[in-house]
Every structure is written in C-alpha cells, then in structure tokens.
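So the chains spell out like this:
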Amino acid sequence: MTSNIVNIDLSALRRNFRKIKSRIGFSARILCVVKSDAYGHGMLPVARELEAMGTDCFGIFEVEEGRTLRDGGVRTPLLVLKGIDADEIAAVTEYDLIPAVFDIDIARLLSDHALKQGKCVPVHVKVDTGMGRLGVQWQEARSFIKGLVHLRGVQVTGIFSHLSVADEVGHSFTDVQIERFQDCVAMAHDLGIRDPVTHIANSGAISNQKGAEGGLVRPGIMLYGSSPSAACPGCDGLSPVMSFVSRVIQVKTVPAGTPISYGRRYVTKAQRIIATICAGYGDGYSRLLSNKGTVLIRGRRAPVVGTVCMNLTMVDVTGIEGVSAGDEVVILGGQKRDRITAEEIAQQIGTISYEVYCAIGKSNRRCYLDGLS
Ligand SMILES: Cc1ncc(COP(=O)(O)O)c(C=O)c1O
C-alpha cells in the first residue's frame, strides 16, 4: 500500500465556513463551490459536512457532479455553473438541479421538457459582465431575459456573474463589473422577474468586501483555507483543510560530486545525506519543484535536490539529525512548529493554490479527520 496520504481536516472546513459567515453577516446566504471534487478535497464528504453546517446551495461544474451528490444523499440546492447541453436536460429534472442559462435554444428545450413533465424548472441567468468567459454578454441580457420570461417551463429564480479581478484590492474593474451586474438585475426586475437571488461575490470579493449586496456569496478557495491571492487581507485566519504526508524510503550518505536524479541537474558539492521520499509528480508534487521545493522532516525543512521523478523525490537532510527510512515527510501542511502552505508551493512554481490542491487531492488516497463521513 502507498505511504502517501492526503488528510482532510473537516473541523478546519467548518471553521472556515463560520469565518465566511461572520464576515458576510449571519443573515447572508452562502453557495459553497464544490466543483472539481471540492478543489481536490473530495466533493461528497465536503458537501455532507457543509450541508450539516447549513449551506444554502452548492456550486457544481456539471450535471454529473449533481448526480454524484444526489446519489450520496445531498439534498441542498445545486447550481450547475457550466450550464447544460441538450443531452443533459433530462438529468436536470431527474436530479433536481438548477442550471445556469445563457443560451436561449437550450432554455427552450429545457422548458419543453419540463412542461411535458408538468414541471417548471428554476434557472439562474449567467451574465458575463467582463470576465470574458461563460454567460450572456451584459449588453444582450435584456433581450435574453425577455426571451426567457415567455418560457412557461422555466422560472428565473437567480441572476449571477463572475468577477475577474476581485482578489486585487481596490481594482476599479470590479466596480465596473458590479455596476453592470446591478443594471442587469434592475432590468430583470423591469421585465417582471421579482426578487431573484443575485450573486457575484467569489472569495476575492468576500475578502475585500465587495459585491455581497445580493445576499448570496459564492466562496470556493476560502472554504479550503486559502486566500485567492497574496493581496487579500480578509483571508487572514483561515485554516488550511488539506495536508499531504509521505514517507522517507531510503537515506544514504554520498560523497562530493554525486549527481542526483534525472538529468544530473544537481551534483553534491560536499558529502551530503540524501533522503529519497515516496512522492513525485505522479502524486501531484509538480516536477517544477525540482531543485526548488522544501519538505518537512522531523520538524525541519529539507530542500528538494535534483529532478522530481514520477513517484520519488530526493531531499537533502544533512543538517537534520537521525533521519531514517519510515520517517514522516510533510509535503503540504504543518509539522512541529513549521508549515508548508499551498501558497508557498504555488509561488515557487508560478501558479495558484487552487492548482496545488487539485493536483495533490486528486492523486492520492484521502483520509477524513473529525467529520461526518
Ligand atoms: C462561477 C464561479 N463562482 C465562484 C467560484 C469560486 O471562486 P473562489 O474559489 O475564488 O472563491 C468559482 C471558481 O472558480 C467560479 O467559477
């Protein structure tokens, strides 16, 4: 059996949820984003925990995730952020999903299907206010919503948009997007859509206290204990939920001039003690960490030396007393008084914590601590 384990601390998840609640005000509602297997943390156990905490809705990417959550007993409303294709329409009514809509042809097909079943499906209109990604362009929102209100098998119960620079404090484009969004909401009201739930705030916006006026916010990364960027003061005090632990499998003392790993990209300058650990890029530890990363062994930092392999990585433990095969290696998370964060790893390889969590989470066996599941 592999010696690698990703630990998911569900009590940390609960603390982060409470922290978001206290930040937005306890009357505001939360849509927890659990797409991509809850950013690598495991969608079903995370959703069960957050459902028990009283989340108002979940954001999933696609219909298939909705099926998994419903089959797993999750009853909370599910918003399908990607929207739906024609061949996913039946699943919307079967699994009681709320699709994002931005395509009138799909909305028509969905309405016809719902009417045949004697139903009216709730939908949230996705407006692109400047993200340049999914959604009906904000300039075309009026005609789109006009078309929707004639469809008897769908009911617009929500309108939402996504911010592109909310993690940058004081960026004026966030205000531009929020203003465009508010115009669309007012327009929808004029077209007879009364009291839709409106939401635009992701973690960056929650942290910088922007765009939560609609009364529903859509955090993802904050739930998992990270800040969307270094410039988010409101993310202080979050608790990382994921940690990644491996083991030392061999320790050896090598003389000066010894090349380490593929490509001979590290050659010892003096006698060193090298530990080989049982994790590599196949386990979500990026090859870009070659000669860059650090891990924790016996509470001390050991630098990665040489190229990270698929399942093995070498670290220099010369200064750390007594390292031996079987020792615990913390790749992500805390050991004794030190901690390696996803942000630190992300910064070393030019990415964001989101990608670090997804890569490590999906590649390893997960163990859930202190939770319902
Ligand atoms: C539409 C939408 N809303 C909310 C989120 C959550 O964003 P964050 O994790 O930055 O809070 C995402 C994540 O990508 C998203 O795609």
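Cut-off values and rules
Residues numbered from 1 in each chain as written. Predicted model: local features only at pLDDT ≥ 70, side-chain atom pairs only at ≥ 80, totals over all residues. Helix = DSSP H or I, 4+ residues; strand = E, 2+ residues; numbered from the N terminus. Buried ≥ 20, exposed ≤ 12 C-beta atoms within 10 Å, placed from the backbone. Contact = placed C-beta atoms within 7 Å. Domains from an automatic or database assignment. Near = placed C-beta within 6 Å. Nonpolar A, V, L, I, M, F, W, Y, C, P; charged D, E, K, R; others polar. Axes fitted to C-alpha atoms, helices over the stretch in contact; angles between N-to-C directions. Left-handed = near helix turned anticlockwise from the far one by under 90°. Expected span 1.5 Å × (residues − 1). Arc of directions from axis to C-beta.

Caption draft 1: Quick look at the overall build of the protein chain. Along the protein chain, the regular secondary structure elements total eleven helices and 20 strands. Counting only C-alpha atoms and orienting by the principal axes, one finds that the protein chain spans roughly 80 × 40 × 40 Å. Among the 373 residues that make up the protein chain, the fraction classed as buried is 47%. For the protein chain, contacts bridging at least 24 residues in sequence account for 66% of all contacts bridging at least 6.

Caption draft 2: Structural view of the domain arrangement of the protein chain. Domain assignment breaks the protein chain into domain 1 (10-225) and domain 2 (242-340). Each of domain 1 and domain 2 has a C-alpha centre, and the two are 42 Å apart.

Caption draft 3: Structural context of the site of the ligand. If you check the shell around the ligand, you find 13 residues, and the closest are Asn202, Ser203, Arg218, Gly220 and Ile221. Along the lines of polarity and charge, the residues of the shell around the ligand split into six nonpolar, six polar and one charged.

Caption draft 4: Structural view of the environment of Ile260. Assignment of secondary structure puts Ile260 in strand β12 (residues 259-260). Its 22 C-beta neighbours within 10 Å are what place Ile260 among the buried residues. When the C-alpha atoms of Ile260 and Ile274 are compared, they prove to be 9.0 Å apart, with 14 residues separating the residues in sequence. The residues contacting Ile260, other than those within four sequence positions of it, are Tyr266, Ile274, Val305, Gly306 and Met314.

Caption draft 5: Spatial organisation of the packing of helix α7 (residues 141-149) against helix α8 (residues 172-190). Put simply, α7 and α8 touch, their axes get as near as 10 Å, and they point 35 degrees apart. The hand of the α7/α8 crossing is right-handed. For the pair α7 and α8, the contacting residues are Ala141, Arg142 and Ile145 in the first and Cys184, Met187 and Ala188 in the second. Across the contact of α7 with α8, the residue classes break down as five nonpolar, no polar and one charged.

Caption draft 6: Inspection of helix α6 (residues 104-116) at higher detail. Compared with the 18 Å implied by 1.5 Å per residue over 13 residues, the 18 Å span of α6 between its first and last C-alpha is a close match. Listing the buried residues of α6 in full gives Ala107, Leu110, Ser111 and Ala114. The buried residues of α6 occupy one face: seen down the axis, they fall within an arc of 100 degrees. Residues Asp105 and Lys116 are exposed on α6 and point more than 90 degrees away from its buried face. Packing partners of the buried residues in α6 comprise α5 (89-94), β5 (98-101), β6 (121-128), α7 and β8 (154-160). Among the residues trailing α6, Gly118 stands out with phi positive, at a value near 70 degrees.

Caption draft 7: Molecular detail of unusual backbone geometry. Phi at Ser36 takes a positive value of approximately 50 degrees, unusual for a residue other than glycine. Its location among the elements puts Ser36 in helix α2 (residues 35-40). According to the C-beta neighbour criterion, Ser36 is partly exposed, with 18 such atoms within 10 Å. Unlike most non-glycine residues, Asp37 shows phi in positive territory, near 55 degrees. Inspection of the secondary structure puts Asp37 in helix α2. On the basis of neighbour counts, which here come to 19 C-beta atoms within 10 Å, the residue Asp37 falls in the partly exposed class.

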